[in-house]
There are 4 protein chains.
Amino acid sequence: MAPPGKELPYAAKISLTTPAAEQSCLHNRWHPDNPSVTTIPLNTATKIECVDWTGGQIGNNDSADDILNVDLTRVHYLTGPFDIEGAEPGDLLVLDILDVQPLQDQLWGFTGIFDKGNGGDFLDDIYPKAAKAIWDFEGIYCSSRHIPGVKFPGLIHPGILGCAPSQEILETWNTREAELITACSHMDRVVALPPEPQSVHAGSASAEIKEKVGKEGARTIPGRPEHGGNCDIKNLSRGSKVYLPVHVKGAKFSVGDLHFSQGDGEISFCGAIEMAGVITISFSLVKGGMTSISKNPIFIPGAVEPQFGAGRYIYFEGFSVDEHGKQHYMDATVAYRQASLNAIEYLKRFGYDDYQCYLLLGCAPIQGHIAGIVDVPNACTTLGIPVDIFDFDIMPKADVDKKDMGVCAKTS
Amino acid sequence: MAPPGKELPYAAKISLTTPAAEQSCLHNRWHPDNPSVTTIPLNTATKIECVDWTGGQIGNNDSADDILNVDLTRVHYLTGPFDIEGAEPGDLLVLDILDVQPLQDQLWGFTGIFDKGNGGDFLDDIYPKAAKAIWDFEGIYCSSRHIPGVKFPGLIHPGILGCAPSQEILETWNTREAELITACSHMDRVVALPPEPQSVHAGSASAEIKEKVGKEGARTIPGRPEHGGNCDIKNLSRGSKVYLPVHVKGAKFSVGDLHFSQGDGEISFCGAIEMAGVITISFSLVKGGMTSISKNPIFIPGAVEPQFGAGRYIYFEGFSVDEHGKQHYMDATVAYRQASLNAIEYLKRFGYDDYQCYLLLGCAPIQGHIAGIVDVPNACTTLGIPVDIFDFDIMPKADVDKKDMGVCAKTS
Amino acid sequence: MAPPGKELPYAAKISLTTPAAEQSCLHNRWHPDNPSVTTIPLNTATKIECVDWTGGQIGNNDSADDILNVDLTRVHYLTGPFDIEGAEPGDLLVLDILDVQPLQDQLWGFTGIFDKGNGGDFLDDIYPKAAKAIWDFEGIYCSSRHIPGVKFPGLIHPGILGCAPSQEILETWNTREAELITACSHMDRVVALPPEPQSVHAGSASAEIKEKVGKEGARTIPGRPEHGGNCDIKNLSRGSKVYLPVHVKGAKFSVGDLHFSQGDGEISFCGAIEMAGVITISFSLVKGGMTSISKNPIFIPGAVEPQFGAGRYIYFEGFSVDEHGKQHYMDATVAYRQASLNAIEYLKRFGYDDYQCYLLLGCAPIQGHIAGIVDVPNACTTLGIPVDIFDFDIMPKADVDKKDMGVCAKTS
Amino acid sequence: MAPPGKELPYAAKISLTTPAAEQSCLHNRWHPDNPSVTTIPLNTATKIECVDWTGGQIGNNDSADDILNVDLTRVHYLTGPFDIEGAEPGDLLVLDILDVQPLQDQLWGFTGIFDKGNGGDFLDDIYPKAAKAIWDFEGIYCSSRHIPGVKFPGLIHPGILGCAPSQEILETWNTREAELITACSHMDRVVALPPEPQSVHAGSASAEIKEKVGKEGARTIPGRPEHGGNCDIKNLSRGSKVYLPVHVKGAKFSVGDLHFSQGDGEISFCGAIEMAGVITISFSLVKGGMTSISKNPIFIPGAVEPQFGAGRYIYFEGFSVDEHGKQHYMDATVAYRQASLNAIEYLKRFGYDDYQCYLLLGCAPIQGHIAGIVDVPNACTTLGIPVDIFDFDIMPKADVDKKDMGVCAKTS
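Residues numbered from 1 in each chain as written. Chains lettered and ligands numbered in written order. Predicted model: local features only at pLDDT ≥ 70, side-chain atom pairs only at ≥ 80, totals over all residues. Heavy atoms only, no water.

Per an unreviewed UniProt entry, chain A is named Acetamidase/Formamidase, and its organism is Microthyrium microscopicum.

Chemist: Tell me about the relation of the copies chain C and chain B, and name the residues and values.
Modeler: When chain C is fitted to chain B, the best match, at an RMSD of 0.0 Å, comes from turning it 180° and sliding it 0.0 Å along the axis. Both copies of the chain, as the preceding transformation shows, are related through a two-fold rotation axis. Nearest to the rotation axis, the C-alpha of C:G309 is located 1.8 Å from it, this being the minimum over chain C. Same-surface contact between copies: 100% of interface residues of chain C are shared with the interface of chain B. (Least-squares fit on C-alpha atoms with pLDDT ≥ 70 in both. Contact = heavy atoms within 4.5 Å.)

Chemist: Explain the relation of the copies chain A and chain B to me, using residue names and the numbers behind them.
Modeler: Rotating chain A by 180° and translating it 0.0 Å along the rotation axis places it on chain B, where the RMSD comes to 0.0 Å. A shared interface surface links the copies, since 100% of the contact residues of chain A are contact residues in chain B too.

Chemist: Break down the packing of helix α5 (residues 332-348) of chain A against helix α6 (residues 354-363) of chain A for me, with residues and values.
Modeler: Residues and elements named next belong to chain A. Two numbers describe how α5 lies on α6: the axes approach to 9 Å, and their chain directions differ by 125°. Relative to α6, the element α5 is oriented oblique. α6 is crossed by α5, and the crossing has right-handed handedness. Residue-level inspection shows S340, A343, I344, L347 and K348 of α5 in contact with α6, the latter providing D354, C357, Y358, L360 and L361. Looking at side-chain class alone, the contact of α5 with α6 contains seven nonpolar, one polar and two charged residues. (Axes fitted to C-alpha atoms, helices over the stretch in contact; angles between N-to-C directions. Helix = DSSP H or I, 4+ residues; strand = E, 2+ residues; numbered from the N terminus. Parallel < 35°, antiparallel > 145°, perpendicular 65-115°, else oblique. Left-handed = near helix turned anticlockwise from the far one by under 90°. Nonpolar A, V, L, I, M, F, W, Y, C, P; charged D, E, K, R; others polar.)

Chemist: A description of the interface of chain C and chain B should follow, citing residues and the corresponding values.
Modeler: The figure often quoted for interface size is the accessible area lost as the parts come together. Contact residues are listed per partner, giving seven residues for chain C and seven residues for chain B. Summing the contributions of chain C and of chain B, the shared interface buries around 410 Å²; its carbon and sulfur component is 45%. Together, C:Q307, C:A310 and C:R312 form the three largest contributors to the area buried by chain C at its contact with chain B, with a combined 70%. Inspection of the region where chain C meets chain B yields two salt bridges. A salt bridge links B:R312 to C:D388, with the shortest nitrogen-to-oxygen separation between them at 3.3 Å. Here chain C and chain B share four residue pairs in polar contact (both at pLDDT 80 or more) between them. Each residue belonging to the side of chain C that touches chain B can be placed in one class, and the counts come to two nonpolar, three polar and two charged. (Buried area = accessible area lost by both parts, 1.4 Å probe. Salt bridge = Lys/Arg side-chain N within 4 Å of Asp/Glu carboxyl O. Polar contact = N/O pair within 3.5 Å; in protein donor to acceptor, adjacent residues only side chain to side chain.)

Chemist: Which residues make up the interface of chain A and chain B, and what are the values?
Modeler: Listed as interface residues are 82 residues of chain A and, on the opposing side, 82 residues of chain B. Carbon and sulfur atoms supply 65% of the area buried between chain A and chain B, which totals about 6600 Å² over both sides. Applying the counting criterion to the chain A and chain B interface returns zero salt bridges. On the surface where chain A and chain B come into contact, there are 30 residue pairs in polar contact (both at pLDDT 80 or more). Secondary structure elements with two or more residues in the side of chain A that touches chain B: α2 (167-183), β12 (223-224), β18 (298-300), β20 (313-319), α5, β21 (367-372) and β22 (380-386) of chain A. Tallied by class, the residues present in the side of chain A that touches chain B amount to 45 nonpolar, 23 polar and 14 charged.

Chemist: Summarise the pairing of strand β16 (residues 270-274) of chain A; cite the residues concerned and give the values.
Modeler: All names here are of chain A. The buried count for β16 comes to five of five residues, which makes it a mostly enclosed element. Looking at chain direction, strand β7 (residues 108-113) and β16 are connected through two bridges and run antiparallel. When the bridges of β16 are listed, G112 appears paired with C270. (Buried < 20%, exposed > 50% of the residue type's maximum accessible area, 1.4 Å probe, protein only. Pairing = 2+ DSSP bridges.)

Chemist: An account of unusual backbone geometry is needed here, citing residue identities and associated values.
Modeler: Put simply, C:V376 and C:P377 share a cis peptide bond, and its omega is -5°. Turning to its location among the elements, C:P377 is positioned in the loop between β21 (367-372) and β22 (380-386). One non-glycine residue, B:M330, lies in positive phi territory at about 50°. With respect to the secondary-structure elements, B:M330 resides in the loop between β20 (313-319) and α5 (332-348). Taking the relative accessible area as the measure of exposure, B:M330 reaches 8% and is therefore buried. A positive phi angle, near 55°, is found at D:N43, a position not held by glycine. By the secondary structure assignment, D:N43 is in the loop between β3 (39-40) and β4 (46-50).

Chemist: Go over the packing of aromatic side chains, please, and point to the residues and values.
Modeler: By the definition in use, this model includes 64 aromatic pairs over all chains. Plain terms: the ring middles of A:F390 and A:F392 are 5.7 Å apart, the flat faces sit at 70° to each other, and that makes the pair edge-to-face. You can call A:F390 buried: its relative accessible area is 7%. Between B:F137 and B:F260 the ring centres are 4.0 Å apart and the planes differ by 5°, which places this aromatic pair in the stacked class. Taken together, the residues span a long stretch of sequence, with B:F137 in strand β8 (residues 131-138) and B:F260 in the loop between β15 (253-259) and β16 (270-274) at a distance of 123 residues. Both residues of the pair, B:F137 and B:F260, count as buried. Three or more aromatic residues joined by ring pairs make a cluster, and in this case those are A:F316, A:Y346, A:F350, A:Y352, A:F390 and A:F392. (Phe/Tyr/Trp six-rings, centres within 6.5 Å; stacked < 30°, edge-to-face > 60°.)

Put into structure tokens, the structure is as follows:
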């Protein structure tokens, strides 16, 4: 008999039964003073477990009440930070993402649309209610009882990964986002999330440090150019190589918000298929790489991706004229909204309701492209849906057999 | 001996020596009253020749003076309009794009950056000067003496294709764009192009019709959601199937602005490789398709595309924090600017100057994705450069051998 | 906290410490009387564990003595057979292969070249000695201390899968292979493996049944057209759909010989990366499908494959003229041998020795094509090596830096 | 107006109305004494026109009588030979294939099955009659009135390309093929084609040279390992890079037998879509490359290929048990025959007759793989058909709607 081998080392394991706020390997703010969980050696495949980004607030059931009432101060628990052997400010930390998998004893995830009054999202003025779809994982595939007729392989990836900001960068973030909040005070919506002491979690930090992190720590929403963070790039999957700027000694790398799948844009706020899981990474360094290569994150996707075939997508166009007919100036965000709305309208012909379509566009492997961005005043974007994720034919035809597609999880 | 076959029929041939404004198969405004060039039968491969979008104003030389002084009222000459057999308002006109080729006796094209004072473009506050690169075509490949070290296959496509607007739609366009011009009167830039009688060309129209077209006709910049038009989608290449809404009897289909290649976004205004060429299309109809399928253009790309391999792209991230450190709210346009600037900075390490990089990003087959568009306040976009279009290694490494890359065409 | 989900059901679990011959869920002959392990319901993701095909005879060490002395009567232990709910002769059993993974506590595998005197293989007249490479798995990637400079993602798949033969089909197999053995008695090599009572394992069968299986049971080498079996198709990976003829009630499906990766042809006999692992399958049926669809196995590969890019392969040509200059008539086997030898010769320039190259071609994701098979007397085959599995440049250049590549495991 | 550019230079133009045997830029034997047509400079895109491989014997009509009666001594007219600037024996001639196109005034081609009594081919014992399909080209697509329901983009390529043999290599060829003919004298078929003075064409050669070429010149069927020649590799299309051994001063490069499309194996002898056309090549040299790189031809396919998607093929398996149930020993040729027959059987369900299926497998972009070649006694091959070339659904289903598919061209 061959001697059994040994499993890969874990830098952190999480618990699905202990509250996230009580697990010392987790934290939910970006801050240089978050205490390091451990030091990870270079060039060693290392496993890191992550909770889902709500820290377990969402249940595998048919009600969206948990989405409606989600506590948004208690989300985005990241695993880490980890010191990486030898990392110093000015280096680029290089990640070889060797694998990303769901936890074997929790083979499901969820996609949510937030209520406009609690979180909101990309199309919340049109679809203001909370909704949810539960996805079951079978090997590399997922399917949902809430969106029948669809099955696809996950391009599994982390939504958030980055190194800690230096104190100086942290101040830059807080200043510029505060200025935006001030400038947009007339707008009837949350435009940015300032530091928030409520529900702060700083891992194993002392009370004093935790208070400091609460006051100053940057929220894990959004991504930021200096370190990447919450970038939500659907292609950062198995086999990807990521180069991240290092701003503090040891890098203090954190990762979380794993997605079983996501569409370009992750158009509902909680749009990817959120899950608890484990990521396997091998770290290395380019010393001084921020000077010699890039000050900002760059990446090279892996060679292993679903190949649907170039001709197996239906593409929808979106221009920067909004659904009320108003002309915007070169606004790619408005344009992508329109491409999304056109796609939703198309899918409804097959029997899906609006919220099912909206959920699907957030999490299926949709391609979202910036097509033309120079012809004033209309930015043009495109959104491509792979036809082979459906178990019926969605190619453009005049006669469509409308089916009974049930409903997604709704609020009671 | 086998009997020689016959060539495919031409719906229109253009001249490279007669001014575009004198060719009756061309026009440069969208208007329902442009006279039809001819009627094209259904399900018949038909060739249509097109001039380059400047109508021949740009020369194959090493000066960008022609770009600097380009007459922007005399551009975007489209071939058509063509009546399509049996097309009626409410139908979808289906195009099978069978081929797109440069004209065999003009095997070159150009990419231009407009002067900020005459046209301007995506990054004109940073790169205000005119510049140009001439590209030579060798089979499916192109290369430029102005950007050495690069060679790539063209994903050849039309930048503009669409059916004529109805009078009602035309009025909608003019109204909403006029409102934008009024609303943005404080901005120091051209935000939209209103109807312009100067240099109007309405094909074989009578003086009366031509005057009407000049007064009311919509400019060919930008694309618009009701008919597509100037969509600049780099993937509308050989093998694509396009579904276009029909608004007038006969459809009055026009096409032009052929690109040998383009990057997502076409980030310099004249960013694609502009060329004169010939497109082969077979037309068909979905009767009433605007009701049964889609009110907006949709398309399915062809199966024949360059396959660089998923892992052969370097991706740059861009967030909606601009280069001055200012925070914008969920602005994908700002975010894509930043991804572009990061990519330019990266390429400069190899010896290219800013304008060479800028030109290259506009025309090489760059992938521009909307990654995350829900994490307030930062939209995240990505821009991927295929590494295999370079004849040297551009993968991230600390030590780079800076080369002498010459210069692109500049103004005198 | 979300309630933990449940793992997928297992139809069989294997032990790495109990001899394969003592595990009742395994067997090593094809025979209709092998007792069924259990019944698997339709449309249910089901996990099945498998030993490596030598049943654990090969160790994770640097000697090839275990390969040299491998007991070939004790190999190819398959897991099963399983009754599939409702399957009857004449049906097609449809497998959705949802996932294939190595066992988490044995993250390594091996590639072997058999000694010419014990097993032999494709090139054994040129490379007669035993050799071995151990591969370590890191997520979806593998690398080997015995073949440095190489790392690639596994297209993980089962080498063997099929339903049990009926008694009638079994007799057909035994008759036709016996005839070949007789016809080839002049050849100095094993041309087929007849039934062999030695080391037969029939799962939980009674002594009587076991004796019958030993006398009549078909060996698991080779694949056979009536059921597939040992087909060694490298693309039967995650996401594949396989249609297998059913010959007995319940189908009696078996699977084994999992490969982390394999090249087309698996040119060394034990050429894939052999491993113990777990496959996740969902079964369904096409009733009467052998009549209405196909009498032979067919399959549709999954959409998730490594995408190296069409232009990232070096292809070698092989014609049916052998290495001694002898002309063979339209022999694609000879031709593929030549393509293999040409590829080995090419790779040696970089410092690898013959056996390292030979091992690599067996297990890396090599493309082996039948190019031309009608131009008498030369069949033409091609063998493509993906250049991106090497961490140095192997593109054709005159000047090559020969490196110290160490050695693979050899016999003592 | 921009000045018109100039077309690429032609090294040779052919005539469609003059008999091939009278055109001095053509020849139909491999011999070092064929006079050079012209000298082609290095690094210059150069166009070379080619006749179809029958030199125009086949007509665009609905009878296969021309195939039945084809004169096989008057086929495979190649264009050339061309001296390449600076090429010397021992070099590798490097071809960048920039484009391959049909002639614009003959936009059709043909696929033929030869009569068993005149040429024969891969399956001639089962399908002994002559048959033909005419294909019409529309841009990059082809379709045939003889095989309705199918349309696909051409992966256009040359079937034959190579440098002239030296006198010594020529003698090697003649000797080894003569030995095969002797050894196979008991077989009831043509196993190789010896030199044949009848209908020899040696371009502009003197009578004396022509006589020598007739006596000694190697036939253009088959490909040979020393120079490639008639390799029929379907992927040698636009963007490919080919490295060819040089055996005589100037290389004396020839090319011909252009295919609009071909399946792996080109299973009917005249199986590709044969056409007259033009190939654009840029030549360069690796001096001494036969020593430093490879003695045999190697190539790197282009990045531009039809991408049908990994999961959009149906694969058929073939083992080395023939259709009479006879067991062969590791014979990949027999195995590929079986895969072909299984595929034909499958396609017949949709209404095609045998000959239509056989023609289609020869010319559509079929993938033919050597799957397993070590499990005695059965070689396993696979043949994959892209489902997206059909305008109806050919995915495996029990209920099939058999259509009226007409017939291919047959003999009168």
